[in-house]
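Architecture and fold: a report
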Amino acid sequence: MDEAENTRQALYERFLESLRRPVAERFFDEDELVEIFDYSGDLNDDYVRLEVLMCGFRLYPESDALAARRAVFYKDFDGDGSESCLGRYLSDNSGAASTLWSLGRMSAFSPATPEEAHAALDYLLAQTEVFADEEAIQLVKLADELECYDWLFRNLDLLRTKVSYPPALLYEIVRVADKNGDHETAISILEGLIEKEPFSGIYWALMFRAQARRENEKEARSAFEYAKALAEADEPALLFLVEVIYEHAPYLHEEAIAIIDGLIDANPDKFDYVDCKAAQLMRRGERHQAIACLLEYFTSHPDCGSAVKQLLACGAPMAADCLRVFYAATDGRGFDLDTFNEIASSLHSIPLMSSLEALLGVALEYGSIDISMTAAYLEALYSLGKYEACYELFKDIDLSDNSSPHRTITLYAVGLLSALRTAHYEKARELARDILRISADFMGVTQISNRVMLLGISTIARRVLAITDSELADFFKDYYDPLRYGKFS
C-alpha cells in the first residue's frame, strides 16, 4: 500500500470512528469528505458513502463536489432512466455543471445508438483537460455501460495523459477488461501496474484471477503465491483468492482449504468460513468431508439456521436429527416462513427428496405446513418409496381447494399412485374418477405443462377403471411410474 493509499485508509478509519460520536463532533473539511466518499466507493462501502453525503449536506450544503457525488450514489443505488432516483435528481439540478454531472447525465439519458455514444464520449474527452480519480473511474464505468469497450482502448493513450493518477484509471480498466473476458488486456495492464507497485496485493490478486481464467496454470500459481503472501491477515483478500480457486483454479484446492482453515481457527464462531470450506469440499466431490465440517460447527452452534440449511443442501443423512436439534434450540420456531419456503423450493427443484422429506416432516412435528408444501412432502415421501406414509398423509388432505391446477393435479396424481402402491384399490378407483373429472374441468383452461401432466395421469386413471382388482398389481408392472421415472415393481 503506497503513501497516498495509507492516507486515504487513515482518513476512512477516522470517519468510521467519528460515526460512533455525536453528530456535532464530526469535523471534516470538504476535500476530506470527497476523498472518503471516493475511497468508500473503492471498498463498496455504501454505508459510509451515505453517511459522508449526509455529513456533507450538514457541513457544506452548497458543495458542488458533494452534490455531484450524490448523483454517483443515486446511479449505483437505483440505476438510470428518467424515472430513476438519478434521473429525477439530475432533472432537479439541470443547471449543475462539472465532469461528474456530465457523466451522470450520459448515464441516465443514454445515447440512442453506438455512434451517438462514441460521439458523446469523444466530446467529453475533448472538453476535459484532466480527469480526477473519481471522474476517471466513472468514465470507464460509463463506457462499459454504453457498450463502448473498444472506445476505451482506442483512446487509452490519450486517457493516460488526461488523468491525475493513472493507476486509478488503469485499475478500473482492468476490472472492465476482466468483466468482458479480455484477459490478455487485463494481464498486460496488470504487468505494468505491478512493475510500478510490486507490493500491491490487489494487483497480484487480480493477476492471479486473470491468469487462472486464461488457463495459464504456471503463471496463476506464481501470482497466487505473491498475492497470498501480501494478503497476510487480510480476510477479504484471502477470501477473494479462495473464490478464484473455487471458480477457476481447482489445482490449488489444498491451498484453499489451508487458507480457510486458518480463517476458521481465527474466527471459530463465524459460519461464513465454514460454509466456504464446505462449498470447496463439495466442489471436489468430497461430500462426506463437507458434511463433517458443517456438522462440527452445528454441534457447537445448534441455533445456526445457515448450518442446517447447508446440511440439507448437502443431503446429510442426519438432517432430520439436526432439524430437531435446531427447532429445540430456537424454542420451536425453526426458520422464518420466507427462509423455510426458499429452502423447500430449492430442495424440490434440485430435486433432493431425502432432505425435502426431512425438512417438511420435522416441520409437521412442530406445527403445520401449507397445502403447497404438503404436495411437495407427498412427492418426497413417494419418491423415497415411503408409500404407506404417503398414502396416510394424503387421506387427511382437504382436496376442495382447486385454485392451483398444478397443485391439485399433483395431489391427485400422488394420491392415486400411492393408493395403487399400497393396494387400496377402491380408493384408487375413486381417485381415478376424480382425476377424469378434473381433467375435463382443467384441460381447456390450464397451461400446457399441466395438460401434459393431466394426459399422463388420466391414461393411468382410465386403465385403473377398466380392469379388476386381481389384475391391477400385475398390470402396472408394464406402466412407467411418472413420479419415480421407472416401471412399477
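Keep in mind that this is a model prediction, so the values were computed, not measured.

Looking only at helices and strands, the protein chain features 28 helices and 2 strands. Computed over its C-alpha atoms, the radius of gyration of the protein chain comes to 30 Å, more than 25% above the 23 Å expected for a compact globule of 489 residues. A principal-axis box enclosing the C-alpha atoms of the protein chain has dimensions of 90 × 50 × 50 Å. In the protein chain, which comprises 489 residues, the share counted as buried stands at 47%. For the protein chain, long-range pairs separated by at least 24 residues make up 57% of all intrachain contacts whose partners lie at least 6 apart in sequence. On the protein chain, roughly 24,500 Å² of surface is accessible, and the fraction owed to carbon and sulfur atoms is 51%. Computing the positive centroid from 47 side-chain charges and the negative centroid from 84, the protein chain places the two 6 Å apart.

What follows covers the packing of aromatic side chains. In this structure the tally under the stated criterion is 14 aromatic pairs. Ring centres 4.8 Å apart and planes at 45° place the aromatic pair Phe326 and Phe335 in the tilted group. Under the relative-accessibility criterion, Phe326 is labelled buried at 3%. Members of the aromatic cluster, connected to one another through ring pairs, are Phe326, Tyr327, Phe335 and Tyr366. The lysine or arginine in question, Arg283, covers the ring of Tyr246, its NZ or CZ lying 4.6 Å from the ring centre.

The next thing to look at is the side chain of Ser40. In this structure, Ser40 sits in helix H2 (residues 30-42). Beyond its immediate sequence surroundings of up to four residues, Ser40 is in contact with Tyr12, Asp45, Val48 and Arg49.

Assignment of secondary structure puts Arg49 in helix H3 (residues 46-59). Residue classification places Arg49 among the buried residues on the basis of a relative accessible area of 5%. Polar contacts involving the side chain of Arg49 include one to the side chain of Asp46, which spans 3.0 Å. Once residues within four sequence positions are removed from consideration, Arg49 is found in contact with Phe37, Ser40, Gly41, Val72, Phe73 and Asp76.

Bringing helix H19 (residues 305-313) into the picture now. Taken together, the buried positions of H19 are Gly305, Ala307, Val308, Leu311 and Leu312. One side of H19 carries all its buried residues, which in axial view fall inside an arc of 160°. Lining the buried residues of H19 we find helix H17 (271-283), helix H18 (287-300), helix H20 (319-329), helix H21 (337-349) and helix H22 (353-365). Taken from the residues just after H19, Gly315 is the one with a positive phi, measuring 70°.

This next bit is on the environment of Lys270. Here Lys270 is to be found in the loop between helix H16 (253-266) and H17. Relative accessible area serves as the criterion here: at 35%, Lys270 is assigned to the partly exposed category. Placed 27 residues apart in sequence, Lys270 and Tyr297 show a C-alpha to C-alpha distance of 9.4 Å. Other than its neighbours up to four places away in sequence, Lys270 contacts Glu235 and Tyr297.

If you look at the biggest cluster of nonpolar residues, it comprises 158 residues, and the most contacted ones within it are Phe208 and Leu416. Looking at this core, the element that brings in the most residues is helix H25 (residues 405-421), giving 9 residues.

With that out of the way, let us pick up the packing of helix H26 (residues 425-442) against helix H27 (residues 448-466). Two elements in contact, H26 and H27, have axes whose closest approach is 9 Å; the angle formed by their N-to-C orientations is 140°. One way to sum up the angle between H26 and H27 is to call them oblique. Crossing handedness for the pair H26 and H27: left-handed. Across from Ala428, Arg429, Ala432, Arg433, Ile435, Leu436, Ser439 and Phe442 in H26, the residues of H27 making contact are Leu454, Ile457, Ser458, Ala461, Arg462, Val464 and Leu465. In terms of residue class, the contact of H26 with H27 is made up of 10 nonpolar, 2 polar and 3 charged.

Turning to unusual backbone geometry, a few remarks are in order. In the segment running from Ile350 into Pro351, the intervening peptide bond is cis, with an omega of -10°. Following the sequence through the fold, Pro351 ends up in the loop between H21 and H22. In this structure, Asp331 takes a positive phi of about 55° despite not being glycine. The residue Asp331 is located in the loop between H20 and H21 in this model. The backbone of Ala423 shows a phi angle near 65°, a positive value even though the residue is not glycine.

Per-residue pLDDT for the protein chain averages 90, and the proportion of residues at 70 or more is 95%. In this model residues 485-489 is a low-confidence stretch, pLDDT under 50, and it forms 17 contacts with partners more than four residues away in sequence or in other chains.

Quick notes on the rules
- Residues numbered from 1 in each chain as written.
- Predicted model: local features only at pLDDT ≥ 70, side-chain atom pairs only at ≥ 80, totals over all residues.
- Heavy atoms only, no water.
- Helix = DSSP H or I, 4+ residues; strand = E, 2+ residues; numbered from the N terminus.
- Rg over C-alpha atoms; globule rule 2.2 N^0.38 Å.
- Buried < 20%, exposed > 50% of the residue type's maximum accessible area, 1.4 Å probe, protein only.
- Contact = heavy atoms within 4.5 Å.
- Areas by Shrake-Rupley, 256 points an atom, 1.4 Å probe, with all protein chains shown as cover.
- Lys, Arg positive; Asp, Glu negative; His and termini not counted.
- Charge placed at Lys NZ, Arg CZ, Asp CG, Glu CD.
- Phe/Tyr/Trp six-rings, centres within 6.5 Å; stacked < 30°, edge-to-face > 60°.
- Lys NZ or Arg CZ within 6 Å of the ring centre and 35° of its normal.
- Polar contact = N/O pair within 3.5 Å; in protein donor to acceptor, adjacent residues only side chain to side chain.
- Arc of directions from axis to C-beta.
- Core = buried A, V, L, I, M, F, W, Y, C linked by side-chain atoms within 4.5 Å.
- Axes fitted to C-alpha atoms, helices over the stretch in contact; angles between N-to-C directions.
- Parallel < 35°, antiparallel > 145°, perpendicular 65-115°, else oblique.
- Left-handed = near helix turned anticlockwise from the far one by under 90°.
- Nonpolar A, V, L, I, M, F, W, Y, C, P; charged D, E, K, R; others polar.
- pLDDT = per-residue confidence, 0-100.

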